[in-house]
Amino acid sequence: MEIIIAKNQEEVSKIAASQIIKEINKKKCFVLGLATGDTPLDTYKELIKAYKNGKVDFKDVKTFNLDEYLNIGKNDVNSYNYYMHHNLFDHINIKSENIHLLSSDSKDFRNTAIKYDKLINENNGIDLQILGIGINGHIGFNEPDNKLLLDTHITDLAQKTLEQNSKFFPDIYKMPKQAITMGLGTIMRAKKILLLVTGERKAPVIAKCLRNNEINTDIPASTLLLHNNLTILLDEEAASIYLKEKKMKENENFNKKYPNYKREFNTA
Ligand code: PGA
């Protein structure tokens, strides 16, 4: 696992975009896993800029999105289908047949889910999966629970997720309460994972995720710690609690090893 701490959201987005471009340029038919939400928005802007400057070509790139609300029209401004077209696909030369989004209005979601995983496998898996993290530690819509599902599936949204996303739905009664999401097995089979974490509000959850070097189904993102090609890209705000705890642990270890040199380190 590699942890990169950048100055701010802008730097995170630049680093993320340059890593994505480097990977795309390495391989002819590249399979990119995409996330939605506020976090990757600036990364998508950087990718568009790079495409317009001729630094990356999406002609042979295939994409698979992580998740989608259930029963939301695909042209609804809150659908992830709309988000992806509006924030990325409409501005690059990706072929429409290479875009894979989870259907929000299928009559048979179970079948949709099975077919999605099958299609990912038929494309030899995801080369690079971009992820954000929810304030409750969810990845995609894999919400904290006593068990986590491996395959693409339907899920109820957690209370915290409903609260967080309610800002986008003026009529709370019309807000979807369920979603379809890649499972953690599907995500973990990606060859490389890039987890983006920005802003102070994410500091508690990423610190919790990294604190004890353990997997905890209360923090679905902790599953990612098992991945052998994981990069966590944080800005300074998101990293603040993690860094403070890391320094405190180093101090404790130093003081245990050299009790005669006991001294206080600055953990501010
Ligand atoms: P955000 O959402 O990027 O809007 O913070 C991330 C998530 O909930 O997975």
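Our subject in this report is the structure included herewith. Because the structure is predicted, anything quoted here is derived from the model rather than measured.

What counts, and where the lines are drawn
- Counting starts from 1 at the beginning of each chain's written sequence and moves along it residue by residue.
- This being a predicted model, a pLDDT of at least 70 is required before a residue's local features are given, and a value of 80 or more before pairs of side-chain atoms are given or counted; all residues contribute to the totals for chains, interfaces and linings.
- To get the side-chain values, all heavy atoms of the structure are used, and hydrogens and water are removed first.
- Nearness of a residue to a molecule or strand requires only that one of the residue's heavy atoms be within 4 Å of it.
- We call two N or O atoms a polar contact when they sit within 3.5 Å, provided that within protein one can donate a hydrogen and the other can accept it, with sequence-adjacent residues counted only if both atoms are side-chain atoms.
- Residue-level accessible areas treat just the shown protein chains as cover; the underlying method is Shrake-Rupley with a 1.4 Å probe.
- For this classification, the nonpolar set comprises Ala, Val, Leu, Ile, Met, Phe, Trp, Tyr, Cys and Pro, the charged set comprises Asp, Glu, Lys and Arg, and every other residue, Gly included, is treated as polar.
- Here a helix means four or more residues in a row that DSSP labels H or I, a strand means two or more in a row labelled E, and each is numbered from the N terminus.
- The contact criterion used throughout is that any non-hydrogen atoms of two residues lie within 4.5 Å.
- Exposed residues in this analysis have more than 50% of their type's maximum accessible area, buried residues have under 20%, and partly exposed residues fall in between, with area computed by a 1.4 Å probe over protein chains only.
- We define a nonpolar core as any set of buried Ala, Val, Leu, Ile, Met, Phe, Trp, Tyr and Cys residues linked to one another through side-chain atoms lying within 4.5 Å.
- Strand pairing requires that DSSP identify at least two bridges connecting the strands.
- Helix span, expected: 1.5 Å multiplied by one less than the number of residues in the helix.
- Working definition for bend: take the seven residues up to and ending at a residue and the seven starting at it, fit an axis to each, and measure the angle between the axes.
- Aromatic pairing here means that ring centres of Phe, Tyr or Trp (its six-membered ring) are within 6.5 Å. Orientation follows from the plane angle: under 30 degrees is stacked, over 60 is edge-to-face, and everything else is tilted.
- Interaxial angle, 0 to 180 degrees, is taken between N-to-C directions of lines fitted to C-alpha atoms, where a helix line uses only the stretch in contact.
- Any angle that falls under 35 degrees is termed roughly parallel, while one over 145 is termed roughly antiparallel, one within 65 to 115 roughly perpendicular, and all others oblique.
- Should the near helix be turned anticlockwise from the far one by less than a right angle, the crossing is termed left-handed; should it be turned clockwise, right-handed.

### Some remarks on the site of the ligand
- In the neighbourhood of the ligand, the contacting residues comprise Gly37, Asp38, Thr39, Ile133, Gly134, His138, Gln164, Arg201 and Lys202.
- Asp38 is positioned with one of its backbone polar atoms (N or O) 2.8 Å from an oxygen atom of the ligand.
- Lys202 is positioned with one of its side-chain polar atoms (N or O) 2.6 Å from an oxygen atom of the ligand.
- Summarising the interface, the protein chains cover 88% of the accessible area of the ligand, which totals 280 Å² for the free molecule.
- Here the residues of the shell around the ligand are counted per class, giving 1 nonpolar, 5 polar and 3 charged.

### Re the environment of Gly199
- The topology assignment puts Gly199 in the loop between strand S9 (192–197) and helix H7 (203–211).
- As for Gly199 and Ser106, which are separated by 93 residues in sequence, their C-alpha atoms are 35 Å apart.
- Setting aside residues up to four positions removed in sequence, Gly199 forms contacts with Asp235, Glu237 and Ala238.

### Observations concerning the side chain of Gln19
- Topologically, Gln19 is positioned in helix H1 (residues 9–26).
- On the accessibility criterion, Gln19 (17% relative accessible area) is buried.
- Leave out the neighbours within four places in its chain, and Gln19 touches Ile4, Lys192, Leu194 and Thr231.

### Considerations on the nonpolar core
- Among the nonpolar cores identified, the biggest contains 36 residues, and Ile139, Ile187, Leu195 and Ile206 are the most heavily contacted of them.
- Counting residues per element, the ones that place at least two in this core are helix H4 (109–122), helix H6 (184–188), S9, H7, strand S10 (230–235) and helix H8 (236–257).
- Per element, the largest residue contribution to this core is 5 residues, and it comes from H7.
- Setting aside its immediate chain neighbours within four residues, Ile139 contacts Leu131, Gly132, Ile133, Leu184, Ile187, Leu195, Pro220, Ala221 and Leu224.
- Core analysis: the next-biggest nonpolar cluster, separate from the first, contains 30 residues, Ala6, Leu34, Phe89 and Ile94 among them.

### Regarding the sheet that holds strand S2 (residues 31–34)
- With respect to topology, 7 strands assemble into an open sheet ordered S1-S10-S9-S6-S2-S3-S5, the strand pairing being parallel. With partners counted over all chains shown, the strands left at the sheet margins are strand S1 (2–6) and strand S5 (99–100), one partner each.
- Two strands pair when backbone bridges link them, and S2 and strand S6 (residues 128–131) are joined in this way by 2 bridges, in the parallel orientation. Each residue of the ladder has a partner; that of Gly33, found in S6, is Gln129.

### Topic: H8
- In this model, H8 (22 residues) spans 30 Å end to end at C-alpha, consistent with the 32 Å of a helix rising 1.5 Å per residue.
- At Tyr242, H8 shows its largest bend, some 30°.
- Among the residues of H8, Ala238, Ala239, Tyr242, Asn251 and Asn255 are the ones counted as buried.
- Elements in contact with the buried residues of H8: S1, S9, H7 and S10.

### What about the packing of aromatic side chains?
- Enumeration over the complete set of coordinates arrives at 8 aromatic pairs.
- Relative to Phe169, the ring of Tyr69 lies with its centre 5.6 Å away and its plane at 85°, an arrangement referred to as edge-to-face. Highlighted residues: Tyr69 in strand S4 (residues 67–69) and Phe169 in the loop between helix H5 (159–165) and strand S8 (178–181), separated in sequence by 100 residues.
- A relative accessible area of 8% places Phe169 in the buried class.
- Ring geometry for Tyr80 and Phe141: centres 6.2 Å apart, planes at 15°, overall stacked. Of this pair, Tyr80 sits in helix H3 (residues 80–87) while Phe141 is found in the loop between S6 and strand S7 (153–156), placing the two residues 61 residues apart along the sequence.

### Re the packing of H1 against helix H2 (residues 41–52)
- Remark: H1 packs on H2, axes separated minimally by 8 Å, with the N-to-C direction vectors making an angle of 50°. Taken together, the axis directions place H1 and H2 in an arrangement best described as oblique. The way H1 lies across H2 gives a crossing that is right-handed. Residues Gln9, Ser13, Lys14, Ala16, Ala17, Ile20 and Ile21 of H1 form the contact with H2, whose own contacting residues are Asp42, Thr43, Glu46, Leu47 and Ala50.

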